[in-house]
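Chain by chain, the residues:
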Amino acid sequence: MAHSTRNASLTIDGKTYELPIYSPTAGPDVIDITKLYAAAGVFTHDPGFTSTSACDSAITFIDGDKGELMHRGYPIDQLAEKSHYLEVCYLLLYGELPSAAELEKFETTITRHTMIHEQMHNFFRGFRRDAHPMATMVGVVGAMSAFYHDSTDINDAHQREIASHRLIAKMPTIAAMAYKYSIGQPFVYPRNDLDYASNFLRMCFAVPAEDYVVDPILARAMDRIFTLHADHEQNASTSTVRLASSSGANPFACIAAGIACLWGPAHGGANQACLEMLKEIGDPARIPEFIARAKDKNDPFRLMGFGHRVYKNFDPRATVMKKSADEVLDLLGVEDNPLLQIAKELERIAVNDDYFIEKKLFPNVDFYSGIILEAMGFPTAMFTPIFAVSRTVGWISQWKEQLADPAMKIGRPRQLYMGETLRDYVEIENR
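Residues numbered from 1 in each chain as written. Predicted model: local features only at pLDDT ≥ 70, side-chain atom pairs only at ≥ 80, totals over all residues. Heavy atoms only, no water.

Student: I keep staring at the overall build of the chain and nothing clicks. Help me out?
Tutor: Across its full length, the chain carries 18 helices and six strands. For 431 residues, the compact-globule estimate of 2.2 N^0.38 gives 22 Å, and the chain sits close to it at 24 Å. Counting the 431 residues in the chain, one finds 47% classified as buried. Within the chain, residue pairs in contact and separated by at least 24 positions form 68% of the contacts whose partners lie at least 6 positions apart. When the accessible area of the chain is evaluated, it comes to approximately 21700 Å², of which 52% is carbon and sulfur surface. Put simply, the chain has 42 plus and 55 minus side-chain charges, and the middle of one group is 3 Å from the middle of the other. (Helix = DSSP H or I, 4+ residues; strand = E, 2+ residues; numbered from the N terminus. Rg over C-alpha atoms; globule rule 2.2 N^0.38 Å. Buried < 20%, exposed > 50% of the residue type's maximum accessible area, 1.4 Å probe, protein only. Contact = heavy atoms within 4.5 Å. Areas by Shrake-Rupley, 256 points an atom, 1.4 Å probe, with all protein chains shown as cover. Lys, Arg positive; Asp, Glu negative; His and termini not counted. Charge placed at Lys NZ, Arg CZ, Asp CG, Glu CD.)

Here it is in structure tokens:
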């Protein structure tokens, strides 16, 4: 942590306490309350931890007011336009962009870790066919610790490295297998001659009866979805991974915990919720009705995929994702897909309607990623598993950073207790 050069003064019952203030390289200053309870006997109260800094981090920075997202100092739009997912993985993991030789070695390592242990196939067959793919992923990823004993010792730097590579490499395979199992098709094994995104698409859509060639436009769009969701600072699932990690849990358990948190519709399910909203609208002719409902303060209906909790100006990821969405729709067309027709009309209205502009209800990354995944042929149940594939490298990078932090301690939030005070137990016959 940076050295404090000034303090904040907090007065409680006439007594003043000095609290160190730390200045980050970017973002708001932080008041250190670590010793406040010991000194003053009080806790701070912050439901959702939305005003609390829980860690030092040098991985990702977000300025929601300015619409900025940076990984290791590089703006996300530059990375998404000029780089590709595995290069961004390297950047998140190691702090710098790789040289050509470093990238080639890293890509080879990831490619050669994509297969999963053959016995793990039995885990998939233990689930009902109608199980949500996220349920399958939580179980299978958590079970990896039963198969890869040589990468569960969190105190061994080499084992941490192997676990990192394995999780990044195997997550697309696991997600694709969860999808194949849910639709009753045979598993498709990864191929070493394909890039990361193309390999994933092939594992999802190929069948043994015929060859499958991945269109480069679709592969590029898939790679951008992975890149734009790779990390997003201390969000709910990342904080879950860090909290699980603080207990000393193995990496596979920590990532399974992150997947479980991501499953929530308020987090990773946002693009799925967006497509379900389009289904609810049902027909482009009904859009004005739903626009009116969105503007009605007394109507609970919300337009999903517009605006963002963090970004108050625009979502920097959405600009890049829109480009991919346009490319994919040009390739595949929207004529036979009413959901995509609704989406395009909603987008047109949102960028021109004064109400949307005033309320900053811009189409966000979830809106465009949902459109792309729907056009590719993914069911909405697969949207969140794809998000989990993307975010794995962010979780792992944050996990590694935390384990290397000498100030790390087991997470233990406090509470504002509002229950009963001390009561005497009454025997049941006297109640």
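Student: Explain the state of the cysteines to me, please; I cannot follow it from the model alone.
Tutor: Put plainly, a disulfide is one covalent bond tying together the sulfur atoms of two cysteines. The tally for this structure, following the rule as stated, stands at zero disulfides. Of the cysteine sulfurs around Cys89, a residue in no disulfide, the closest is that of Cys204, at 17 Å. (Disulfide = S-S within 2.5 Å.)

Student: I'm lost on the nonpolar core in this one. Help?
Tutor: Soluble globular proteins: nonpolar side chains tend toward being buried together. Residues Phe200, Met222, Leu346 and Phe378 are the most contacted members of the largest nonpolar core, which totals 110 residues. Take this core: its biggest share by element is twelve residues, from helix H7 (residues 157–182). (Core = buried A, V, L, I, M, F, W, Y, C linked by side-chain atoms within 4.5 Å.)

Student: Which parts of the structure should I look at to understand the side chain of Thr173?
Tutor: Its place among the elements puts Thr173 in helix H7. Overall, Thr173 belongs to the buried group, its relative accessible area being 2%. At a separation of 2.6 Å, a polar atom in the side chain of Thr173 contacts the main-chain carbonyl oxygen of Thr114. Aside from chain neighbours lying at most four places away, what touches Thr173 is Thr114, Ile116, Pro190 and Met203. (Polar contact = N/O pair within 3.5 Å; in protein donor to acceptor, adjacent residues only side chain to side chain.)

Student: Just to check I follow, could you spell out the pattern of salt bridges for this structure?
Tutor: Pairing of side chains with opposite charge becomes possible as their charged atoms draw close. Inspection of the entire model under this criterion finds 19 salt bridges. Note that Asp130 is salt-bridged to Arg128, the shortest N-O span being 2.8 Å. The salt bridge partner of Glu327 is Arg224, with a shortest N-O separation of 3.9 Å. Of this pair, Glu327 sits in helix H14 (residues 316–332) while Arg224 sits in helix H9 (residues 216–228), and the two are 103 residues apart along the sequence. On the basis of relative accessibility, which here comes to 4%, the residue Arg224 falls in the buried class. (Salt bridge = Lys/Arg side-chain N within 4 Å of Asp/Glu carboxyl O.)

Student: Sorry, what's going on with unusual backbone geometry here?
Tutor: Not every positive phi belongs to a glycine, and Asp13 is a case in point at roughly 50°. Note on placement: Asp13 falls in the loop between strand S1 (6–12) and strand S2 (15–22). On the accessibility criterion, Asp13 (82% relative accessible area) is exposed.

Student: Whenever I open this one, the pairing of strand S5 (residues 68–71) confuses me. Can you help?
Tutor: Side-chain positions along a regular strand alternate between the two faces of the sheet. Residues Leu69 and His71 of S5 are buried on one face, while the alternating residues Glu68 and Met70, pointing to the opposite face, are not. Looking at chain direction, strand S4 (residues 60–63) and S5 are connected through four bridges and run antiparallel. Bridging from a neighbouring strand, Phe61 pairs with Met70 of S5. The antiparallel hairpin formed by S4 and S5 contains four residues in its connecting segment, where Gly67 sits at a positive phi of about 70°. Judged from the two bridges that link them, S5 and strand S6 (residues 74–75) form a sheet pairing that is antiparallel. Across the sheet, His71 pairs through a bridge with Tyr74, a residue of S6. Hairpin connection of S5 to S6: two residues between the antiparallel strands, including Arg72 at a positive phi of 55°. (Pairing = 2+ DSSP bridges.)

Student: Whenever I open this one, the packing of helix H8 (residues 196–205) against H9 confuses me. Can you help?
Tutor: Remark: H8 packs on H9, axes separated minimally by 8 Å, with the N-to-C direction vectors making an angle of 110°. Classed by the angle they form, the pair H8 and H9 counts as roughly perpendicular. Contacts between H8 and H9 involve Tyr196, Ala197, Ser198, Phe200 and Leu201 on the former and, on the latter, Leu218, Ala219, Met222, Asp223 and Phe226. Grouping the amino acids of the contact of H8 with H9 by side-chain chemistry returns eight nonpolar, one polar and one charged. (Axes fitted to C-alpha atoms, helices over the stretch in contact; angles between N-to-C directions. Parallel < 35°, antiparallel > 145°, perpendicular 65-115°, else oblique. Nonpolar A, V, L, I, M, F, W, Y, C, P; charged D, E, K, R; others polar.)

Student: Whenever I open this one, the sheet that holds S4 confuses me. Can you help?
Tutor: Hydrogen bonds between backbone atoms are what pair the strands of a sheet, whose relative direction is either parallel or antiparallel. Read across the sheet, three strands follow the order S4-S5-S6 without closing on themselves; strand pairing throughout is antiparallel. Among the strands making up the open sheet, the edge pair consists of S4 and S6.

Student: I'm lost on the packing of aromatic side chains in this one. Help?
Tutor: Two aromatic rings are characterised by how far apart their centres lie and by the angle between their planes. Under the counting rule described, the total for this entry stands at 21 aromatic pairs. Considering the side-chain rings of Phe123 and Phe147, the 5.8 Å spacing of their centres and the 70° angle between planes classify their relative orientation as edge-to-face. Of this pair, Phe123 sits in helix H5 (residues 121–125) while Phe147 is found in the loop between helix H6 (133–143) and H7, placing the two residues 24 residues apart along the sequence. Phe123 sits in the partly exposed class, given a relative accessible area of 33%. What links up through ring pairs into an aromatic cluster is the set Tyr85, Tyr179, Tyr196, Phe200, Phe205, Tyr212, Phe226 and Phe378. The ring of Tyr181 carries the charged tip of Arg129 above its face, separated from the ring centre by 4.1 Å. (Phe/Tyr/Trp six-rings, centres within 6.5 Å; stacked < 30°, edge-to-face > 60°. Lys NZ or Arg CZ within 6 Å of the ring centre and 35° of its normal.)

Student: What should I look at first to understand helix H15 (residues 338–350) in this one?
Tutor: Two residues of an α-helix separated by three or four positions point the same way, owing to the 3.6 residues in each turn. Taking 1.5 Å per residue, 13 residues should reach 18 Å; H15 reaches 18 Å between its end C-alpha atoms and fits that length. Of the residues making up H15, those classed as buried are Leu339, Leu340, Ile342, Ala343, Leu346, Glu347, Ile349 and Ala350. Each element contacted by the buried residues of H15 is listed here: helix H12 (270–281), helix H13 (287–295), H14, helix H16 (354–358) and helix H17 (365–376). (Expected span 1.5 Å × (residues − 1).)

Student: I keep staring at the sheet that holds S2 and nothing clicks. Help me out?
Tutor: The sheet built from three strands is open, its strands ordered S1-S2-S3 with antiparallel pairing. In this open sheet, the two edge strands, each paired with only one partner strand, are S1 and strand S3 (30–31). Here S1 runs beside S2; their pairing, made up of seven bridges, is antiparallel. Each bridged residue has a counterpart across the sheet, and for Arg6 the counterpart in S2 is Ile21.

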